[in-house]
Amino acid sequence: MKGPSVVIIGSGPSGFYTAESITKKLNSNIDIIDRLPTPFGLIRGGVAPDHQTTKRISLAYSKTAKKEQINFFGNIEIGKDISIDELREIYDVVVLAIGSEIDNKLEIKGNNLKGVYGSAEIVGWYNGHPDYVDLEPNLNTENVVVIGNGNVAIDIVRVLSKTPEEMLDSDIPEYALNSIDKSPIKNLYIVGRRGPIEAKFTNVELREMGNLKNCLPVVNIDLPDNLVGNYSERDQRLIEKNLETLRSFVSLKKENKEKKINFNFFQKPIEIIGNDKVEIIKFEKTNLEDGKLKDTGEITEIKCGLVVTAIGYKPKNIPGLKISEGVVENNEGRIDKGFYASGWIRRGPTGVIGTNKADGELIANLISKEFKNQNKNGRNALIKIIKNKNLEVTSFEDWEKIDSYEKENAKDPTPRKKILTIKEMLNLCKI
Ligand code: NAP
């Protein structure tokens, strides 16, 4: 290989789209590093377990991973096992594609009470992410409140409301499935501080709420008949579709449904109350005036045993990175010569999986403008560091072993039975 040596930190969608784009522009060796022994980031640990069609995008990433010039190095944590500076010393190009994995904190009194979780924790828990398999959230409650009006909030209420039959063809781990099945949850509240027009749900996800076997969506305000205001044609179309879907919930058959998903709009969380654990969450009713949120002084409360905040994410702070306003400081993907950022770490936690494709192309273009040839050895130097530090790393072939094992151990139609600990994954790779 004659092109610049490249290392990409992070093997989620932005990492893989960037790798794929670089292979189309440069004759480079590309190494992809991940903190976990397994690749694919949010596809494996973030996309809801019942959204298997979405998860299938990993087949495309596998094709990329199997290209001759690409190597996967799993189980290496940047900032702990190897520093960014070390990587910059041995590679011509370092691309950060680490996403935004930390939950934004809801800055209100009581936010640290037991029973208050961020969406990354809950989503990681029901997805068998090794960081969260021991979370043991208390689902022994009739009422659950999810704060936020984005697709992550929708995912959470949907997964918590589905029956085991509806989850049959998902890869939810048994512990989470059983815990949800046994739970006495009756009411799930999905609460927005603004209204249905401002909600960020995509329509496909919102429509799913109307097709749940044992759960009825309920909208707790009068919906506007018409959309008045200045919206782009696209926004107007999307908002009207969502309003139509919310209106359609009113005429759904109510019988035989034990659970409800309550859409509560214009409710700003102001305090979480409880002795040692959450018991009540308080809201203040809001209005929108000229697009600005106004408090009304009208207070409501919901008794609940679980609060999940799904209010966006921020990146993990790694030594050597300058993070501000939720992203690494960068100029259209360029942090410095030979140092780039792609995906959520570059532009914040928005957009769908495919949005990262354009990021990949952007970074590949930047790199190909700044570098033509290999100056630093990259891969061989990395392998030396791995040996010197005695790091236990996984390859893409190791991942394929884990993948086959998980698939073989699942009962049809469940697509896979996930291995839940890093130790077990590493043991399997040794066989
Ligand atoms: P999001 O779409 O940005 O939604 C965040 C929500 O949190 C907004 O409703 C926001 O309200 C609210 N919020 C923020 N701060 C708050 C506060 N202090 N108090 C109350 N509410 C607050 O983020 P997300 O749901 O985490 O999703 C991240 C990205 O992943 C999105 O682009 C999403 O579409 C994507 N995603 C897609 C899928 C899918 O396609 N199936 C699934 C999951 C995620 P305001 O609008 O008032 O700020």
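Before reading on, note that the structure itself is shown above.
Residues numbered from 1 in each chain as written. Predicted model: local features only at pLDDT ≥ 70, side-chain atom pairs only at ≥ 80, totals over all residues. Heavy atoms only, no water.

Novice: Explain the overall build of the protein here, please?
Specialist: Helices and strands together make up the secondary structure of the protein, namely 15 helices and 19 strands. Its C-alpha atoms give the protein a radius of gyration of 23 Å, near enough to 22 Å, the size a compact globule of 431 residues would have. Projected onto its principal axes, the C-alpha coordinates of the protein cover approximately 65 × 50 × 40 Å. When the 431 residues of the protein are sorted by exposure, 53% land in the buried category. For the protein, contacts bridging at least 24 residues in sequence account for 75% of all contacts bridging at least 6. For the protein, the accessible area works out to roughly 20,800 Å², and carbon and sulfur atoms hold 46% of it. Positive and negative charge centroids in the protein, built from 63 and 62 side chains respectively, lie 3 Å apart. (Helix = DSSP H or I, 4+ residues; strand = E, 2+ residues; numbered from the N terminus. Rg over C-alpha atoms; globule rule 2.2 N^0.38 Å. Buried < 20%, exposed > 50% of the residue type's maximum accessible area, 1.4 Å probe, protein only. Contact = heavy atoms within 4.5 Å. Areas by Shrake-Rupley, 256 points an atom, 1.4 Å probe, with all protein chains shown as cover. Lys, Arg positive; Asp, Glu negative; His and termini not counted. Charge placed at Lys NZ, Arg CZ, Asp CG, Glu CD.)

Novice: Would you mind showing me how to read the site of the ligand here?
Specialist: Taken together, 21 residues surround the ligand, and among them Asn149, Arg193, Arg194, Glu205 and Gly351 come closest. At a separation of 3.1 Å, an oxygen atom of the ligand approaches a polar backbone atom of valine 152. Starting from 910 Å² of accessible surface for the ligand in isolation, the protein chains cover 80%. When residues in the shell around the ligand are grouped by element, the largest group, 3 residues, is from helix H7 (residues 151-161). (Near = heavy atom within 4 Å. Polar contact = N/O pair within 3.5 Å; in protein donor to acceptor, adjacent residues only side chain to side chain.)

Novice: Hey, could you run me through the side chain of threonine 245 in this one?
Specialist: As for its position among the elements, threonine 245 is in helix H10 (residues 233-249). Among the residues examined, threonine 245 registers a relative accessible area of 7% and is labelled buried. Polar contacts involving the side chain of threonine 245 include one to the main-chain carbonyl oxygen of lysine 241, which spans 2.9 Å. The contact partners of threonine 245, leaving out residues within four places of it in the chain, are Asn203, Leu206 and Arg207.

Novice: Help me understand the pattern of salt bridges in this model?
Specialist: Once their charged atoms are close, side chains differing in charge can pair, the charge on each being opposite to the other. Enumeration over the complete set of coordinates arrives at 26 salt bridges. One salt bridge connects arginine 416 with glutamate 406, and the closest N-O pair in it is separated by 2.7 Å. Here arginine 416 is found in the loop between helix H14 (396-408) and helix H15 (422-430), whereas its partner glutamate 406 is found in helix H14, with 10 residues between them in sequence. The two residues arginine 416 and glutamate 406 agree in class, both being buried. (Salt bridge = Lys/Arg side-chain N within 4 Å of Asp/Glu carboxyl O.)

Novice: What exactly am I supposed to notice about the packing of aromatic side chains here?
Specialist: Note on aromatic pairs: each is described by the distance of the centres and the angle between the planes. Here the structure, examined in full by the defined rule, presents 12 aromatic pairs. Taken together, the aromatic side chains of Phe16, Tyr17, Phe40, Tyr61, Phe72, Phe396 and Trp399 make up a single cluster linked through ring pairs. In this structure, lysine 337 is placed above the aromatic ring of phenylalanine 371, and the distance from its NZ or CZ to the ring centre is 4.9 Å. (Phe/Tyr/Trp six-rings, centres within 6.5 Å; stacked < 30°, edge-to-face > 60°. Lys NZ or Arg CZ within 6 Å of the ring centre and 35° of its normal.)

Novice: Is there a simple way to think about the sheet that holds strand S13 (residues 292-303) in this case?
Specialist: Note: strands within a sheet are paired through backbone hydrogen bonds, in either parallel or antiparallel orientation. Spatial ordering of the open sheet is given by S11-S12-S13, a layout of 3 strands whose pairing is antiparallel. Only two strands of the sheet have a single neighbouring strand rather than two, namely strand S11 (267-273) and S13. Within this sheet the neighbouring strands show an average axis-to-axis angle of 25°, counted without direction. Pairing analysis gives 6 bridges linking S11 to strand S12 (residues 280-289), with the strands arranged antiparallel. Each bridged residue has a counterpart across the sheet, and for proline 269 the counterpart in S12 is phenylalanine 283. (Pairing = 2+ DSSP bridges. Axes fitted to C-alpha atoms, helices over the stretch in contact; angles between N-to-C directions.)

Novice: Which parts of the structure should I look at to understand the nonpolar core?
Specialist: For soluble globular proteins, nonpolar side chains are generally found buried alongside one another. Residues Tyr126, Ile156, Ile261 and Phe263 are the most contacted members of the largest nonpolar core, which totals 47 residues. Here this core gets 6 residues from one element, more than from any other, and that element is H7. Contact partners of tyrosine 126, with chain neighbours within four places excluded, come to Pro49, Asp155, Ile156, Val159, Ile172, Pro173 and Ala176. In terms of nonpolar packing, the next biggest core, distinct from the first, is built from 31 residues, Ile43, Ile70, Val93 and Ile363 among them. (Core = buried A, V, L, I, M, F, W, Y, C linked by side-chain atoms within 4.5 Å.)

Novice: Help me understand helix H1 (residues 13-25) in this model?
Specialist: Spacing of three or four residues puts side chains on the same side of an α-helix, whose turn is 3.6 residues. In this model H1 runs 19 Å from its N-terminal to its C-terminal C-alpha over 13 residues, within 8% of the 18 Å that 1.5 Å per residue would give. Of all 13 residues in H1, 11 are buried; the element is thus mostly enclosed. (Expected span 1.5 Å × (residues − 1).)

Novice: Teacher, can you tell me more about the packing of H1 against helix H4 (residues 58-65) here?
Specialist: Packed helices, taken two at a time, are described by the angle their axes make and the gap between the axes. Contact geometry of H1 with H4 gives a least axis separation of 10 Å together with a crossing angle of 45°. When the axis of H1 is compared with that of H4, the two are oblique. In this structure, the crossing between H1 and H4 has a hand that is left-handed. Only Tyr61, Thr64 and Ala65 of H4 make contact with H1, whose side of the interface consists of Pro13, Phe16, Tyr17, Ala19 and Glu20. Grouping the amino acids of the contact of H1 with H4 by side-chain chemistry returns 6 nonpolar, 1 polar and 1 charged. (Parallel < 35°, antiparallel > 145°, perpendicular 65-115°, else oblique. Left-handed = near helix turned anticlockwise from the far one by under 90°. Nonpolar A, V, L, I, M, F, W, Y, C, P; charged D, E, K, R; others polar.)

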